[in-house]
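Structural characterization, general
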Amino acid sequence: MTARALGTSTAGWLFVAPAVSVIGVFFAVPVFLALALSFTDFDIYALASLKNLRFVGLGNYLLLLRTPLFWRALGNTLYFVIVGVPLSVGASLGAALLLNAKAARWKPVFRTAMFAPVVTSLVAVAVIWRYLLHAKYGLINYALSGIGVRPIDWLGDPHWAMPAIILFAVWKNFGYNMVILLAGLQTIPEDLYEAARIDGASTFQQLRHVTMPSLGPVILLVTILTMAGYFQLFAEPYVMTQGGPLQSTVSVLYFMYEQGFKFWNLGVASAVAFMLFLLMFAITMAQLLLSRRQGVA
Amino acid sequence: MRPNPQSVIVNGLLVVAAGLALFPLLWMVSVSFMTPGESNVFPPPLLPRHFTLGNFAELFRRQGMARFFLNSLGLATAATLLALTFNVMAGYAFAKLAFVGRERLFQVLLAALVIPGQVAMMPLFLMLKTMGLVNSYIGVLIPSVAGVFGIFLVRQYAQSIPSEMLEAARVDGAGEWRIFTAIVLPVLRPILVTLATFTFLATWNDFMWPLIVLTDNSLYTLPVALASLSREHVQDNELMMAGSVVTILPVLALFIALQRYYIRGLLAGSVKG
Amino acid sequence: MTLERSAPSRRATLGLLAGAPLAACGRAEVRGELKLWAMGREGEVVQSLIPAFQTANPGTTVRVQQLPWSAAHEKLLTAFAGDDLPDLGQVGNTWIPELAAIGAIAPLDARIRASSVVAPTAYFPGVWATNEVGGRQFGIPWYVDTRLLFYRKDILAEAGYAEPPVTWGAWLASMRAIKAKVGPSRYAILLPINEPEPLLALGVQQGEPLITAEGYGNFRSAGFKRALGFYRELFASGLAPAATSSQIANVWSEFARGLFAFYITGPWNIGEFKRRLPPGLAGRWTTAPLPGPNGPGASLAGGSSLAIFSRARDKDAAWRLIEHLSTPESQSRFEALTGDLPPRRDAWTTGTLAGDPYVKAFREQLERLTPAPKIPEWERIVADVTVVGEQLARGVVTVDEAAAELDRRADATLEKRRWMIGRGRAA
């Protein structure tokens with residue numbers, strides 16, 4: 001190695017050192033600690049004195065598999081993901097298609113308006129939505145009553161609490177994916193549309209045969225990102241429902257938070273975190289493999 | 001221009017979509033100006049009958065909103081400056097400085113993206129306790145100071161800097177730091193704004209970690225204070241809306257001013273183009 | 001949540017000027033400053049009791065931080081974990097065993113013995129007992145809280161009952177009569193299903209312990225099952241709506257409307273009712289002790305105590321503040337401001353309490369209080385009781401299933417405790 005190359009190499013290390021050390025010390029180390037904790041029964045007694053710590057191997061993981069609330073949390077989270085992701089991606093796609101249409105006017109205005117919810121603080125808008133969803137004085141029920149629907153107790157009824165949260169999450173996030181999809185739409189060459197039009201394709205057929213195939217990879221990306229985000233559902237139940245009613249909105253991370261920061265069962269909480277990670281990893285891998293098989297990615 | 005059916009449909013739908021997106025925010029502003037109790041009626045009102053600034057007065061005079069606002073401002077600014085420092089240096093190095101193990105290290109960092117941040121939260125809290133950093137802003141800032149996303153963003157952008165330019169400077173005898181500050185930074189300026197906007201917004205809106213780390217009321221940021229306030233004052237709709245206004249409007253304004261950069265950052269790495 | 005300082009803090013001012021993040025590295029502690037954490041309304045009110053203390057103790061300032069009740073327990077534990085507890089604070093009685101077990105609060109026996117203000121005999125025995133763990137006192141009761149009946153005299157009278165019920169049987173009969181009178185859209189009693197206190201109050205009236213000394217759940221005892229059955233009956237017969245407190249939204253206006261006639265709640269609501277009910281309702285409601293299975297019943301010994309945290313730097317100053325807040329005069333003033341009931345008998349004979357018709361029932365109930373099981377895991381078990389209680393109220397489980405489920409959960413929660421007992425590390 002030449003002296004200059006050595007100098008560059010050293011400089012390279014010096015430049016990345018601060019960031020990498022921070023990530024190493026304050027992220028990687030805690031992650032490994034969490035893994036270690038998940039094999040112990042660290043709880044409030046251990047917080048007081050480490051003598052009260054016991055090594056339990058896979059005990060926490062097995063305990064979780066026997067805990068009804070864990071399965072409930074898993075179910076709630078899957079419900080949120082399975083319903084929320086298509087809704088969210090669909091809404092974003094629809095909005096992006098509208099914005100991309102040649103007939104659309106004032107595009108910057110519309111785009112900013114639809115993106116605004118994304119940059120708002122979740123706590124602040126959750127407070128707003130809590131009142132919008134109020135059973136008696138909320139505007140949503142008022143609007144529904146206009147079309148003859150009886151008032152729904154959104155945040156008090158176990159059947160409607162998760163749908164309310166899904167609705168809220170879709171509203172908050174659809175602008176994000178919309179922007180990504182819009183950028184993807186804008187990369188589709190105009191000639192493809194031209195060719196389709198010459199062949200006599202209607203708008204709908206153009207959509208189906210030109211837009212969608214070209215957009216495939218971007219839609220996949222957006223779906224994976226949204227899924228990853230939705231698996232980490234936490235702030236919405238925390239602010240709006242505290243996991244209720246009847247634990248219908250306890251998500252996996254909310255369950256972890258309660259175990260960890262309410263009861264200080266760090267062993268169990270860490271086990272929950274890793275189980276979630278494994279689940280997300282598996283599903284993402286499955287998605288990628290599936291799409292590679294279908295020739296999308 | 002004669003309105004054709006397609007134009008009407010498309011723009012009509014866009015109006016509806018934008019309206020639905022904005023409506024809760026507009027309603028929030030409206031209610032924040034209502035007198036206490038005015039919104040707890042059926043049918044719910046859309047506009048205040050008597051416009052009042054009382055809720056804001058209550059927030060700032062008695063609930064200490066001014067301090068929370070300044071805390072948020074200070075914290076977000078500090079986070080932005082630190083993140084810019086750490087991430088830009090690292091991003092540039094990953095893009096343009098050949099060092100041993102560069103690619104492998106970067107792949108390891110990318111792998112870290114897969115792990116949800118909450119996994120690290122609890123042990124990190126205990127680590128901070130042993131360092132005496134609980135209930136301090138340093139403790140709050142630590143996780144946001146360096147992030148793989150930021151490094152990735154800068155790296156993407158920095159890759160477009162022509163290497164010849166850098167080589168020429170090296171031949172002229174300039175040191176790496178000099179090259180970085182004199183040549184690279186000015187070229188990276190747009191992505192700096194993007195990263196700054198991103199970090200500022202994210203730090204301002206973050207509430208979970210500050211909620212856990214900060215025990216002293218006086219250190220609370222706006223979202224944390226609002227979360228606390230909303231549990232105490234469930235009945236005081238109008239006051240809560242005023243709190244939301246104070247929390248949302250500044251960053252919304254910032255976003256509108258800098259949206260070009262924010263959106264660019266969003267797209268980097270997602271879609272080429 | 002407000003933060004009002006009794007003295008300006010240099011640190012905060014510096015922080016704002018220098019850009020808070022830079023100045024607040026670590027926790028700079030101001031000398032001579034006591035940090036006190038208090039919750040809810042008590043936190044707001046205690047500020048007014050501080051100036052007298054500061055005048056009597058020059059050189060000591062007190063900084064009060066308010067916590068919302070819903071997050072207080074969490075915050076205390078988090079602060080303990082983060083080594084960031086204040087000097088002294090208000091702690092719920094039921095949290096004392098837990099905080100003592102982990103060593104977060106300091107035993108106060110020596111100080112009590114040496115004190116002229118805090119004398120054990122001055123307090124109601126049921127309340128004083130809640131602060132005792134393993135033979136040592138860990139807190140000084142600040143105010144006492146219990147649950148009893150608030151009811152609409154006029155609705156009860158219309159249903160044919162001039163006097164409040166004293167036994168469960170009479171209570172059930174009176175509620176059925178009320179329901180028959182008011183019809184399907186109104187109720188006889190409000191029992192918010194997200195609140196476990198009414199069910200627990202019914203449970204402690206049975207006399208059988210809820211948790212055995214060996215560390216097992218005892219919810220399948222005949223007594224507790226009777227309580228579960230009674231609770232379920234109220235919902236099954238439509239006497240109580242299966243609603244949470246947030247669904248009712250404004251409980252005072254609904255009480256005024258006559259949505260329900262009975263409400264099991266605590267002393268703070270005396271002041272709230274007086275403040276928030278329309279004036280026309282003034283003579284039409286009152287309080288009564290809880291009916292028991294066979295006669296006047298016991299109730300939960302709730303309330304808060306003042307405790308000194310183990311890592312406090314100046315425990316003597318903290319103790320002086322506790323003494324200041326425990327004098328009969330401070331207690332009377334405190335009661336006048338909050339409506340919270342004093343745990344000292346001598347504070348009941350003076351001031352506004354002596355003549356208040358609404359607190360008469362409380363005075364009677366205070367002699368019949370049962371503390372909650374003194375185990376650190378009690379909060380978790382209460383959370384389970386809330387969940388299973390909600391299921392029971394909604395008819396999702398039967399009484400037997402509920403009792404079995406509660407025991408199953410309690411046994412699982414207490415496994416570590418049984419291990420610790422086996423090792424001799426827990427009482």
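The shown structure was predicted, so the numbers you read here are calculated from the model rather than taken from an experiment. (Residues numbered from 1 in each chain as written. Chains lettered and ligands numbered in written order. Predicted model: local features only at pLDDT ≥ 70, side-chain atom pairs only at ≥ 80, totals over all residues. Heavy atoms only, no water.)

Side note on the sheet that holds strand S3 (residues 88–92) of chain C
Residues and elements named next belong to chain C. What counts, and what does not: Should DSSP find at least two bridges between two strands, the strands are regarded as paired. In DSSP terms, a helix is any run of H or I states spanning at least four residues, a strand is any run of E spanning at least two, and both are numbered starting from the N terminus. Fitting a line to C-alpha atoms yields each axis, with helices limited to the stretch in contact; the angle taken between N-to-C directions then spans 0 to 180 degrees. Contacts between residues were defined by any pair of non-hydrogen atoms, one from each residue, lying within 4.5 Å.
Taken in spatial order, the 5 strands of this open sheet run S2-S1-S3-S12-S6, and their pairing is mixed. Edge positions in the sheet fall to strand S2 (61–67) and strand S6 (140–145), since each has one partner strand and no second. Along the sheet, successive strands turn relative to each other by an average axial angle of 20°, direction set aside. Bridge analysis of S3 against strand S12 (residues 302–308) gives 5 bridges, and the strand direction is antiparallel. Counterpart to leucine 88 in the pairing with S12 is isoleucine 308. Most of the contacts of helix H5 (residues 69–81) go to strand S1 (residues 33–39), to which it runs at about 140°, and overall it touches S1, S2, S3, S6 and S12.

Focus on the side chain of Arg54(A)
Note the cut-off: Throughout this description, a polar contact denotes any pair of N or O atoms lying within 3.5 Å of each other; where both atoms belong to protein, one of them has to be capable of donating a hydrogen while the other can accept it, and for residues adjacent in sequence the pair is counted only when both atoms sit in side chains.
With respect to the secondary-structure elements, Arg54(A) resides in the loop between helix H2 (44–48) and helix H3 (59–65). Of the polar contacts made by the side chain of Arg54(A), one reaches the side chain of Asp41(A); its length is 2.8 Å. Side-chain polar atoms of Arg54(A) contact the side chain of Glu415(C), separated by 3.4 Å.

As for the pattern of salt bridges
A side chain of one charge can pair with a side chain of the opposite charge when the charged atoms of the two come close. All names here are of chain C. To keep it simple, the criterion reads: Whenever a carboxyl oxygen of Asp or Glu lies within 4 Å of a side-chain nitrogen of Lys or Arg, that contact is scored as a salt bridge. In this scheme, a residue with accessible area under 20% of its type's maximum is buried, one over 50% is exposed, and one in between is partly exposed, where area comes from a 1.4 Å probe on protein chains only.
Inspection of the entire model under this criterion finds 38 salt bridges over all chains. Salt-bridge contacts for arginine 344 lead to aspartate 346; the nearest nitrogen and oxygen are separated by 3.0 Å. Given a relative accessible area of 5%, arginine 344 falls into the buried group.

Some thoughts on helix H12 (residues 222–236) of chain C
Residues and elements named next belong to chain C. The following threshold applies: Here the expected span of a helix is defined as 1.5 Å times the quantity of residues minus one. In this description, the arc belongs to the directions extending from the helix axis to the C-beta atoms.
The terminal C-alpha atoms of H12 lie 20 Å apart, and with 15 residues this matches the ideal 21 Å at 1.5 Å per residue to within 8%. Residues of H12 that are buried: Gly223, Phe224, Ala227, Leu228, Phe230, Tyr231, Leu234 and Phe235. Across the axial projection of H12, the buried residues extend over an arc of 160°, all falling on one side. Buried residues belonging to H12 abut helix H10 (168–182), helix H11 (197–204), helix H19 (378–393) and helix H20 (399–413). Following H12 by one or two positions, glycine 238 adopts a phi angle in the positive range, close to 75°.

Some words on the packing of aromatic side chains
Stated precisely, the cut-off is as follows: Two aromatic rings from Phe, Tyr or Trp, using only the six-membered ring of Trp, form a pair when their centres are within 6.5 Å; if the ring planes differ by under 30 degrees the pair is stacked, by over 60 it is edge-to-face, and anything between is tilted.
What the rule picks out here adds up to 57 aromatic pairs over all chains. Seen in terms of ring centroids, Tyr123(C) and Trp128(C) are 5.0 Å apart; in terms of plane orientation they differ by 40°. Their pairing is tilted. Ring pairing ties together the aromatic residues Phe234(A), Tyr238(A), Tyr254(A), Tyr257(A), Phe261(A), Trp264(A), Phe125(B) and Phe207(B), which thus form one cluster.

Examining the interface of chain C and chain A
Quick note on the threshold: As a working definition, buried area equals the accessible area (1.4 Å probe) given up by two parts on being put together, with both sides summed. Residues are grouped as follows: Ala, Val, Leu, Ile, Met, Phe, Trp, Tyr, Cys and Pro are nonpolar; Asp, Glu, Lys and Arg are charged; every other residue, Gly included, is polar.
Tallying the contact residues gives 25 residues for chain C and 25 residues for chain A. Together chain C and chain A conceal approximately 2,300 Å² of surface at their shared face, both sides included; 57% is due to carbon and sulfur atoms. Considering only the side of chain C, the residues that lose the most area to chain A are Glu74(C), Arg380(C) and Lys416(C), jointly responsible for 26% of the buried surface there. Linking chain C to chain A there are 3 salt bridges. Between Arg54(A) and Glu415(C) there is a salt bridge, with the nearest N and O atoms lying 3.4 Å from each other. At the junction of chain C and chain A, the tally comes to 6 residue pairs in polar contact (both at pLDDT 80 or more). A breakdown of the residues in the side of chain C that touches chain A according to their chemical character gives 10 nonpolar, 3 polar and 12 charged.

Concerning the packing of helix H11 (residues 222–232) of chain B against helix H12 (residues 237–267) of chain B
Residue and element names in this part refer to chain B. Note the following rule: Angular relationships are summarised with four words: roughly parallel below 35 degrees, roughly antiparallel beyond 145, roughly perpendicular across 65 to 115, and oblique for the angles in between.
Orientation of H11 relative to H12, taken along the N-to-C sense of each, is 170°, at an axis distance of 10 Å. Between H11 and H12, the angle falls in the class roughly antiparallel. Along its contact with H11, which presents Leu222, Pro223, Leu226, Leu229 and Ser230, the element H12 presents Met240, Gly243, Ser244, Val246 and Thr247. Looking at side-chain class alone, the contact of H11 with H12 contains 6 nonpolar, 4 polar and no charged residues.

What about H11(C)?
All names here are of chain C. For H11, the buried fraction is high: 7 of the 8 residues fall into the buried class. Of all the positions in H11, only Pro198, Leu199, Leu200, Ala201, Leu202, Gly203 and Val204 are classed as buried. Looking at the buried positions of H11, the neighbouring elements they touch are H10, H12, strand S9 (262–265), strand S11 (299–300), strand S13 (369–370) and H19.

Some points on the confidence of the model for chain A
Low pLDDT marks regions whose predicted coordinates should not be analysed in detail. The following threshold applies: Here pLDDT means the predictor's own confidence in every residue, given as a number from 0 to 100.
With 98% of its residues at a pLDDT of 70 or more, chain A has an overall mean of 88. Element-level mean pLDDT values for chain A span from 84 in H2(A) up to 94 in helix H4 (residues 68–100) of chain A.

Here we look at the pairing of strand S7 (residues 148–152) of chain C
Both faces of the sheet carry side chains from a regular strand, because those side chains alternate between them. All names here are of chain C. Most of S7 is tucked away, with 5 of its 5 residues classed as buried. Relative to S9, S7 runs antiparallel, the two being bridged by 4 bridges. The partner of leucine 149 across the bridge, within S9, is isoleucine 264. In terms of strand pairing, S7 meets strand S10 (residues 285–288) through 4 bridges, oriented antiparallel. Following the sheet pairing, leucine 149 is matched in S10 by alanine 288.

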